[in-house]
Amino acid sequence: MAKLWAIIKREYLERVRSKWFLIATFFGPIFFSAIIIVPAWLASTSKATTDVYNTTLLDATSTGFGHRLAVNIAVDTTIPGRMPVVKVVAPSELTQAESLATREVMRKEKSGYLVVDQQTIAGESARYAGANATSIADMTQIKSAIRQTILATRLQNVGLDDAKLKQITFIPLDFSTERITERGRAGSGMASVLFGFAIGFLLYLSIVIYGQTIMSGVLEEKTTRVAEVVMSSVPTDTLLAGKVLGVGAVGLTQQILWIATTYVLLKLRAPIMAKLGAPTVNFSLPDITLGAGVLFLLFFLLGFIFYSSLYAAVGSSVNSESEARQAASPLMIMIVSTAVFIQPVLLNPTGTTARVLSLIPISSPIIMPIRMAVTGVPTLEMAASLGFLVIGCAAALWLASRIYRVGFLMYGKRPTMKEMARWVSYAR
Amino acid sequence: MTEYAIDIVNVTKRYADHTAVRDLTLRVPKGSVYGLLGPNGAGKTTTIRMILNIIAPDSGKIHIFGRPSNDPRITERLGYLPEERGLYRKMQVRRVLKFLAELKGVRGKDADHRIDEWLVRLSLKTPEKDWGLSKIDELSRGMQQKVQFIGTLLHDPDLVILDEPFSGLDPINSQALKDTVVDLKHRGKTVIFSTHLMDNAERLCDSVCIIARGEKVLDGTVTSVKEEHGQRNIALALEGDGISGVAAILRDHSLVKRADDSNRFFEIEMAPGADPQALLRRIVESGAAVQRFEMIQPSLHQIFLQKVGATGVEEGMTGHG
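Residues numbered from 1 in each chain as written. Chains lettered and ligands numbered in written order. Predicted model: local features only at pLDDT ≥ 70, side-chain atom pairs only at ≥ 80, totals over all residues. Heavy atoms only, no water.

### What to know about the overall build of chain B
Looking only at helices and strands, one finds 11 helices and 14 strands in chain B. Counting the 321 residues in chain B, one finds 51% classified as buried. Long-range contacts, defined here as pairs at least 24 residues apart, represent 70% of the contacts in chain B between residues at least 6 apart. For chain B, the exposed area adds up to about 14,400 Å²; of that, 48% sits on carbon and sulfur atoms. (Helix = DSSP H or I, 4+ residues; strand = E, 2+ residues; numbered from the N terminus. Buried < 20%, exposed > 50% of the residue type's maximum accessible area, 1.4 Å probe, protein only. Contact = heavy atoms within 4.5 Å. Areas by Shrake-Rupley, 256 points an atom, 1.4 Å probe, with all protein chains shown as cover.)

### Some thoughts on the nonpolar core
By size, the foremost hydrophobic cluster in this structure holds 153 residues, and its most contacted members are Ile6(B) and Ile64(B). For this core, the element with the highest residue contribution is helix H12 (residues 290-317) of chain A, accounting for 13 residues. Contact partners of Ile64(B), with chain neighbours within four places excluded, come to Ala5(B), Ile6(B), Ile51(B), Ser69(B), Ile74(B), Leu78(B) and Leu159(B). (Core = buried A, V, L, I, M, F, W, Y, C linked by side-chain atoms within 4.5 Å.)

### Observations regarding the side chain of Lys13(B)
All names here are of chain B. With respect to the element layout, Lys13 can be found in strand S1 (residues 4-14). Judged by its relative accessible area of 5%, Lys13 falls in the buried class. Within polar-contact distance, the side chain of Lys13 engages the backbone oxygen of Ala56 at 3.0 Å. (Polar contact = N/O pair within 3.5 Å; in protein donor to acceptor, adjacent residues only side chain to side chain.)

### What about the packing of aromatic side chains?
All names here are of chain A. Throughout the structure, instances matching the rule amount to 8 aromatic pairs over all chains. When the ring of Phe306 is compared with that of Tyr307, the centres are 5.1 Å apart and the planes differ by 90°; the resulting orientation is edge-to-face. Take Phe306: its relative accessible area is 8%, and that puts it in the buried class. Classification of Tyr307 as buried rests on a relative accessible area of 1%. (Phe/Tyr/Trp six-rings, centres within 6.5 Å; stacked < 30°, edge-to-face > 60°.)

### Structural notes on the sheet that holds strand S5 (residues 67-68) of chain B
All names here are of chain B. Spatial ordering of the open sheet is given by S2-S1-S4-S5, a layout of 4 strands whose pairing is antiparallel. The sheet terminates laterally at strand S2 (19-29) and S5, the two strands that pair on one side only. Bridging between S1 and strand S4 (residues 59-64) involves 5 bridges; their strand directions are antiparallel. Considered in S4, the bridge of Ile8 is made with Ile62. The strands touched by helix H1 (residues 44-51) are S1, S2 and S4; relative to S1, the strand with the most contacts, the crossing angle is about 120°. (Pairing = 2+ DSSP bridges. Axes fitted to C-alpha atoms, helices over the stretch in contact; angles between N-to-C directions.)

### A closer look at the packing of helix H1 (residues 2-16) of chain A against helix H3 (residues 93-103) of chain B
Remark: H1(A) packs on H3(B), axes separated minimally by 8 Å, with the N-to-C direction vectors making an angle of 160°. In this view, H1(A) runs roughly antiparallel relative to H3(B), as classed from their interaxial angle. Like other packed secondary-structure pairs, H1(A) and H3(B) cross with a definite hand, here left-handed. Counting all contacts with H1(A), which are made through Lys3(A), Ala6(A), Ile7(A), Lys9(A), Arg10(A) and Glu14(A), the residues of H3(B) involved are Arg95(B), Phe99(B), Glu102(B) and Leu103(B). (Parallel < 35°, antiparallel > 145°, perpendicular 65-115°, else oblique. Left-handed = near helix turned anticlockwise from the far one by under 90°.)

### What to know about the pairing of strand S1 (residues 55-59) of chain A
All names here are of chain A. Here S1 lies mainly inside the structure; 5 of its 5 residues are buried. Here S1 shows two buried faces, one formed by Thr55, Leu57 and Asp59 and the other by Thr56 and Leu58. With 5 bridges connecting them, S1 and strand S3 (residues 112-116) associate as parallel partners. Bridging across to S3, Leu58 finds its partner in Val115. In this sheet, strand S2 (residues 85-88) lies alongside S1 in parallel orientation, the contact comprising 4 bridges. Among the inter-strand pairings, Thr56 is bridged to a residue of S2, identified as Val85.

### Points about the interface of chain B and chain A
Each partner contributes residues to the interface: chain B has 31 residues there, and chain A has 27 residues. The largest contributions to the chain B side of the interface with chain A come from Ile54(B), Tyr88(B) and Leu103(B), which together make up 24% of the buried area. Applying the counting rule to chain B against chain A returns 3 salt bridges. For the salt bridge of Glu228(A) with Arg49(B), the shortest nitrogen-to-oxygen distance reads 3.2 Å. Applying the counting rule to chain B against chain A returns 8 residue pairs in polar contact (both at pLDDT 80 or more). No other element matches the 5 residues that H3(B) contributes to the side of chain B that touches chain A. (Buried area = accessible area lost by both parts, 1.4 Å probe. Salt bridge = Lys/Arg side-chain N within 4 Å of Asp/Glu carboxyl O.)

### Focus on the confidence of the model for chain B
Chain-level statistics for chain B give a pLDDT mean of 85 and a share of 94% at 70 or above. In this model, residues 311-321 of chain B is a region of pLDDT below 50 whose contacts with residues beyond four sequence positions or in other chains number 23 contacts. (pLDDT = per-residue confidence, 0-100.)

### Thoughts on the sheet that holds strand S14 (residues 289-296) of chain B
Residue and element names in this part refer to chain B. Taken in spatial order, the 4 strands make up an open sheet running S12-S13-S11-S14, and their pairing is antiparallel. Every interior strand has two partners, whereas the edge strands, strand S12 (256-261) and S14, have only one. With strand direction ignored, the average angle separating the axes of adjacent strands in the sheet is 20°. By the bridge criterion, 7 bridges tie strand S11 (residues 233-239) to S14 in an arrangement that is antiparallel. Residue pairing in the sheet places Ala235 in a bridge with Glu294 of S14. Packing against the sheet, helix H11 (residues 300-308) makes contact with S11, S12 and strand S13 (265-270), and its axis sits at approximately 125° to S12.

### Some thoughts on the packing of H12(A) against helix H17 (residues 364-374) of chain A
Residues and elements named next belong to chain A. As a packed pair, H12 and H17 sit with axes 9 Å apart at the nearest point and diverge in direction by 165°. It follows from the interaxial angle that H12 and H17 lie roughly antiparallel. In this structure, H12 crosses over H17, and the sense of that crossing is left-handed. Judged by residue contacts, Ala292, Leu295, Phe296, Phe299 and Gly303 of H12 engage Ser364, Pro365, Met368, Pro369, Met372 and Ala373 from H17. Per-class residue counts for the contact of H12 with H17 are 9 nonpolar, 2 polar and no charged. (Nonpolar A, V, L, I, M, F, W, Y, C, P; charged D, E, K, R; others polar.)

### Quick look at the environment of Met50(B)
Residues and elements named next belong to chain B. Considering the arrangement of structural elements, one finds Met50 in helix H1. You can call Met50 buried: its relative accessible area is 1%. C-alpha separation for the pair Met50 and Asn70, spaced 20 residues apart in sequence, amounts to 9.5 Å. Ignoring any residue separated from it by four or fewer positions in sequence, one finds Met50 in contact with Val11, Lys13, Val21, Ile55, Ala56, Pro57, Ile62 and Ser69.

### Concerning a nonpolar patch on the surface
On the surface, Ile23(A), Phe26(A), Phe27(A) and Ile30(A) cluster together to form a nonpolar patch covering roughly 420 Å² of accessible area. Owing to a relative accessible area of 53%, Phe26(A) belongs among the exposed residues under this scheme. (Patch = residues over 30% accessible without salt bridge, like charges linked within 9 Å, V, L, I, M, F, W, Y side chains within 5 Å.)

Structural data, given as structure tokens:
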């Protein structure tokens, strides 16, 4: 056990100390946050920006219409205290006030100004001029605020009291949108699809990166002949186990750091979005229970063991990096062909394809967590998936350890599949 | 308690297309320096790997200090220097050594202390520079060999196994290695090394075993091997001219079985039943100026050539040693 620990410790510390690990750990969350924040930010441009508050309202109605309108424009804001500045002007002074307001916009102190007068109250016209005049969202917001204010004024004029007025005009409509494509509903909500995609991508990336890390590590030990020294001190199975666990722990550390920092970044996204000039987008992070979190990590770990043990076997059977890349191509094909199914599974997480793929150990470590992210998975399917994956891991480890201990001592030409099959049959 | 450090009985190891080691029996006495001699592809490395339990024999038994070679307690008493050397290139020297020590059950402060001692001893740590803090690939080849050597001996093993230890060593490290082997012997340790450099073996070893094509050709103490395998050798040294006349005499197979010609020095193996005096007479009569004519024990090199010959080398098996 002490020796296994020594191997795990070396694999872990040497990798965690590397610059590469620090860089990846730091940039990972930024990348994943970007994946989630950028689409949300793009989506937010269809909503009114804070520009609509940063306006001057030139009120030439002399009825206080401007004040009520300002409140209506600002009523949606989550940032209190920000609403258009109302300037009451006489109709004769309007030209002068407009040129003043224009200069303010030119000096970028204001986004624009809005002119309301008797014709506005009559429901005929209003004018807006500003830097954001082309923003459909901003203009729609201002327009609907004007309509609402006109309506409220008219209702007041026919004698409705304030309380009734509020009751009638208060319509806090939360309008959510969902896209329908030729394949049906485009997932069960943007947040969970993005989340599922992020999970799938993360697992795919980690398995490829850490699988190849293990492969290079094994290859280094073989080409430098360190393997022989180590094998004279510990059984090959211990060496293989130590490697897989050590590198697996590195991967797990990185995943946990990634998930934690991404989570924090997304929690802090409101201020970030505000800085970007967008109001908070209304989507909540999917609720991840502790159990689901543990299952995610379990799938990662098992998937990692499955692939990395095979990668280790490949690393032990070849003699150079270029040979290794070639020899690892079947593994790469297995992983990439799984990744190809990420999108179809996201779109139809309960379909036959998704259910079958989440039972096969080759694909289940990536597909099942995705399904878990976007839909409920029956306990029985979950248990079957885990069961098959555990069996798959045991088979991969058995196969790998046999190739590993023979391959390590074979130098010279790259073995054929037939030779490798024979190695498996060697007792030791 | 057994008197043997290594006791190999009837061991055979087969690979798919050939037998690497065939029915090998050999015993290495405790506290001795033992040479495993043979051409490339003779089965030396396979034998060493079986001793180290890196691979298991197909049949036969191997005992180390009286215990089966797969006894986990044994590995901590073994130190191994593989034929081709290398270490984790990107790792700090000190951390590599600590790792190797931990694999052999030496931990913590004890390991640090020993590493310091060795680094100083092999001048890898001087008041000016501590190479222990450098990465392996920042070291020169000679220094890397020293580090590997420290890794082999750090846990103070009772049995040290060196596979072709002299290959690739510069003269200084080579001398340091010889000194260390002698020192190990004085401290009661057993050293076994494989080599095809007979001179080193002859000077260092108490006992030797020559193997070829996976089979033992002969073994025993260096003295007994020499005694058993011919007192009929003659060292002949000549002066001046007349060498060409001697060459003709040496080709006479009624007198000479074979002669190793080093231009002015010959090591001659007499033909069975031939009289050395008759040979001396013929040489003198040929007019050559004899500087030395001496009945000698054959060198290990001669015995090796005689027993193994050119046919002992099989091509293309270096992978299985």
